[in-house]
Amino acid sequence: RLTAGELEVLRLVAQGLNNRAIAERLFISENTVKNHVRSIHEKLQVHSKLEAVAVGVREGVVVLPRS
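Keep in mind it's a predicted model, so treat the numbers as computed, not measured.

### Points about the pattern of salt bridges
- What the rule picks out here adds up to three salt bridges.
- A salt bridge links Arg1 to Glu59; the nearest nitrogen and oxygen atoms lie 3.2 Å apart. With Arg1 in the segment before helix H1 (4-14) and Glu59 in the segment after helix H4 (49-58), this residue pair connects regions lying 58 residues apart in the sequence.
- Note on Arg1: relative accessible area 65%, which makes it exposed.

### Points about the nonpolar core
- Counting 20 residues, the largest nonpolar core has Val9, Leu10, Ile22, Ile40 and Leu44 as the members making the most contacts within it.
- Listing elements by their share of this core, those giving two or more residues are H1, helix H2 (19-26), helix H3 (30-44) and H4.
- In terms of residues, this core owes the most to one element, H1, which gives six residues.
- Leave out the neighbours within four places in its chain, and Val9 touches Ile22, Leu26, Val33, His36, Val37 and Ile40.

### Things to note about unusual backbone geometry
- Although it is not a glycine, Phe27 adopts a positive phi angle of roughly 60°.
- Along the polypeptide, Phe27 turns up in the loop between H2 and H3.
- Classification of Phe27 as exposed rests on a relative accessible area of 76%.
- The backbone of Gln45 shows a phi angle near 55°, a positive value even though the residue is not glycine.
- The residue Gln45 is located in the loop between H3 and H4 in this model.

### Structural notes on the packing of H1 against H2
- In the contact formed by H1 and H2, the axes pass within 10 Å of each other and the chain directions differ by 130°. Looking at the two axes, H1 sits oblique to H2. Considering the relative orientation of H1 and H2, their crossing is right-handed. Here Glu8, Val9, Leu12 and Val13 of H1 lie close against H2, whose contacting residues are Ile22, Arg25 and Leu26.

Parameters at a glance
Residues numbered from 1 in each chain as written. Predicted model: local features only at pLDDT ≥ 70, side-chain atom pairs only at ≥ 80, totals over all residues. Heavy atoms only, no water. Salt bridge = Lys/Arg side-chain N within 4 Å of Asp/Glu carboxyl O. Helix = DSSP H or I, 4+ residues; strand = E, 2+ residues; numbered from the N terminus. Buried < 20%, exposed > 50% of the residue type's maximum accessible area, 1.4 Å probe, protein only. Core = buried A, V, L, I, M, F, W, Y, C linked by side-chain atoms within 4.5 Å. Contact = heavy atoms within 4.5 Å. Axes fitted to C-alpha atoms, helices over the stretch in contact; angles between N-to-C directions. Parallel < 35°, antiparallel > 145°, perpendicular 65-115°, else oblique. Left-handed = near helix turned anticlockwise from the far one by under 90°.

Put into structure tokens, the structure is as follows:
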């Protein structure tokens, strides 16, 4: 359901990166990251990044980093 870019953003969110850090890592604008996050929320029908990560983990598209 998510695009490759959205999945990449979601995986970086799961690593604890904020929008600015994600933008720098992916060489995209912070607004593009915000658009991806908004699209992720809509597609997964969630209201927060935490919920989005939980859905991603449950569906097997996000692996949480080990501490």
